[in-house]
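Breakdown of the fold
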Amino acid sequence: MLVLGIETSCDETGIAVVEDRTVRSNIITAQIDLHARFGGVVPELASRAHVMTITPAIEQALDEAGVTRKDLEGVAVTIGPGLIGCLLVGVATAKATAATLDIPLIGVNHLEGHIEAAFLEDPTLEPPVLALIVSGGHTMIAAMREHGSFEVLGQTIDDAAGEAFDKIARFMGLGFPGGPAIDKLAADGRADAYRFPRAMLHEPNLDFSFSGLKTAVIRWMREREALGEAIDAADLAASFQEAIVDVQIAKTFKAAEQTGIDTVVLAGGVAANSRLRARMLDEGEKRGLRVVVPRVSLCTDNGAMIAAAGIRRLADGQRTPLDIGADPSLLLG
Ligand code: KG4
Ligand code: ZN
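Reading guide: rules and limits
- Residues numbered from 1 in each chain as written.
- Chains lettered and ligands numbered in written order.
- Predicted model: local features only at pLDDT ≥ 70, side-chain atom pairs only at ≥ 80, totals over all residues.
- Heavy atoms only, no water.
- Helix = DSSP H or I, 4+ residues; strand = E, 2+ residues; numbered from the N terminus.
- Rg over C-alpha atoms; globule rule 2.2 N^0.38 Å.
- Buried < 20%, exposed > 50% of the residue type's maximum accessible area, 1.4 Å probe, protein only.
- Contact = heavy atoms within 4.5 Å.
- Lys, Arg positive; Asp, Glu negative; His and termini not counted.
- Charge placed at Lys NZ, Arg CZ, Asp CG, Glu CD.
- Domains from an automatic or database assignment.
- Buried area = accessible area lost by both parts, 1.4 Å probe.
- Salt bridge = Lys/Arg side-chain N within 4 Å of Asp/Glu carboxyl O.
- Near = heavy atom within 4 Å.
- Polar contact = N/O pair within 3.5 Å; in protein donor to acceptor, adjacent residues only side chain to side chain.
- Areas by Shrake-Rupley, 256 points an atom, 1.4 Å probe, with all protein chains shown as cover.
- Nonpolar A, V, L, I, M, F, W, Y, C, P; charged D, E, K, R; others polar.
- Donors = N, O, S within 2.8 Å, 3.2 Å for Na, K, Ca; no water.

Things to note about the overall build of the chain
Across its full length, the chain holds eleven helices and ten strands. Taking 333 residues into account, the globule formula puts the C-alpha radius of gyration at 20 Å, and the chain, at 20 Å, falls close to it. Each principal axis of the C-alpha distribution contributes one length, and for the chain these read about 65 × 45 × 30 Å. The buried share among the 333 residues of the chain stands at 53%. When contacts within the chain are restricted to residue pairs at least 6 apart in sequence, those whose partners lie at least 24 apart make up 74%. The centroid of the 30 positive side-chain charges in the chain is displaced by 3 Å from the centroid of its 45 negative side-chain charges.

Pasting the structure below:
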């Protein structure tokens, strides 16, 4: 089945053409320059930028896939969670495309899309899988026992992991988005240089908390500055990153133990983090578990993951009516 995937939940216009489990094209138009000077995504600017980029991105995606509109067998679009104005640009475009081509429309949960990226990365993968979903807005562990069915086993009680990366990067003067900047800087630093708290690490539940870590790092930086002591930025980045990764690894593999699910998939924008990717694969190998880490272009927001989730649901006979709206706080499952 050949499906157009549309993702506009935040600041990336993601348009892709996917055929079954093969990515034919995956166009991602980022808006970094637009938001950088504000230090974060400005919703109104983001939705206006989606309006400008979405049509050319669709043309490019069809072109690169070597198909035309009449080859499409469905349109999949993110309906939430995300920024309402941004979501509505994608949803309106998807509805118009489906209506004019007389093909089915399918609305997709953004988080389900992130998990489905793993099935594009490894076409032999089958549920059940355990997913660590880490993004700018979410940090959760979910069990997917079959496609489209999810049980959230734990989640952050305050900040998302990506949010913590972005806030500390901002405090360090590394700009926006912060995750990739910390990742890059940390490559030259020592992860054991400074010891920061690992909240909830030893608690039996599968929840996370990152706001204490953020406060601890900021307080520590201020104290150092007040004492006139130099801070090694690379060591700081590596030590902070390690604190986040330690908790994510521990909780994910605790969930694998508790559920008996022996396949772990990494999902969401923070899954682009090189340290998290390496530690996930290592830990999986040590424990004899299968770990799937999608390529970076399938981890950060993209249309291919939405098309993949849509193909599942369309093949299942599901359809979304053309009067669907968007839900900024849509839950998984
Ligand atoms: O999934 P995503 O693209 O958008 C949301 O749905 O939120 O995730 C964006 C988040 C941002 O917080 C960004 O800083 C983070 O993912 N991120 C990273 C890396 N690349 C992106 N965090 C750590 N290391 C990275 N390499
Ligand atoms: Zn995302």
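Further notes follow.
Notes on the domain arrangement of the chain
Per the domain assignment, the segments of the chain are domain 1 (2–115 + 298–315) and domain 2 (126–294). Its C-alpha centre places domain 1 at a distance of 27 Å from the equivalent point of domain 2. Listed by partner, the interface residues are 19 residues for domain 1 and 20 residues for domain 2. Across the interface of domain 1 and domain 2, roughly 1,600 Å² is buried in total on both sides, 75% from carbon and sulfur atoms. Counting the surface domain 1 buries against domain 2, the share from its top three residues, Leu111, Ile115 and Cys299, is 40%. On inspection of domain 1 and its partner domain 2, the count reaches one salt bridge.

So, the site of ligand 1
Around ligand 1, a shell composed of 18 residues is seen, among which Gly136, Asp166, Asp183, Gly269 and Asp301 lie nearest. A distance of 3.0 Å separates a nitrogen atom of ligand 1 from a polar atom in the side chain of Asn273. One of the side-chain N or O atoms of Asp301 is found 2.9 Å from an oxygen atom in ligand 1. In the complex, 88% of the free accessible area of ligand 1, which totals 550 Å², lies under the protein chains. Contributing elements (two or more residues each) for the shell around ligand 1: α4 (110–121), α5 (161–171) and α6 (178–186). For the shell around ligand 1, the residue count by class is four nonpolar, eleven polar and three charged.

Quick notes on the coordination of the zinc ion (ligand 2)
At 2.1 Å from the zinc ion (ligand 2) lie its protein donor atoms, namely His110 (NE2), His114 (NE2) and Asp301 (OD). Between consecutive donors of the zinc ion (ligand 2), the numbers of intervening residues give the motif H-x3-H-x186-D. Within this pair, His110 and its partner His114 are both found in helix α4, separated by four residues, close to a single helical turn. Residue His110 shares its accessibility class with His114, and that shared class is buried.

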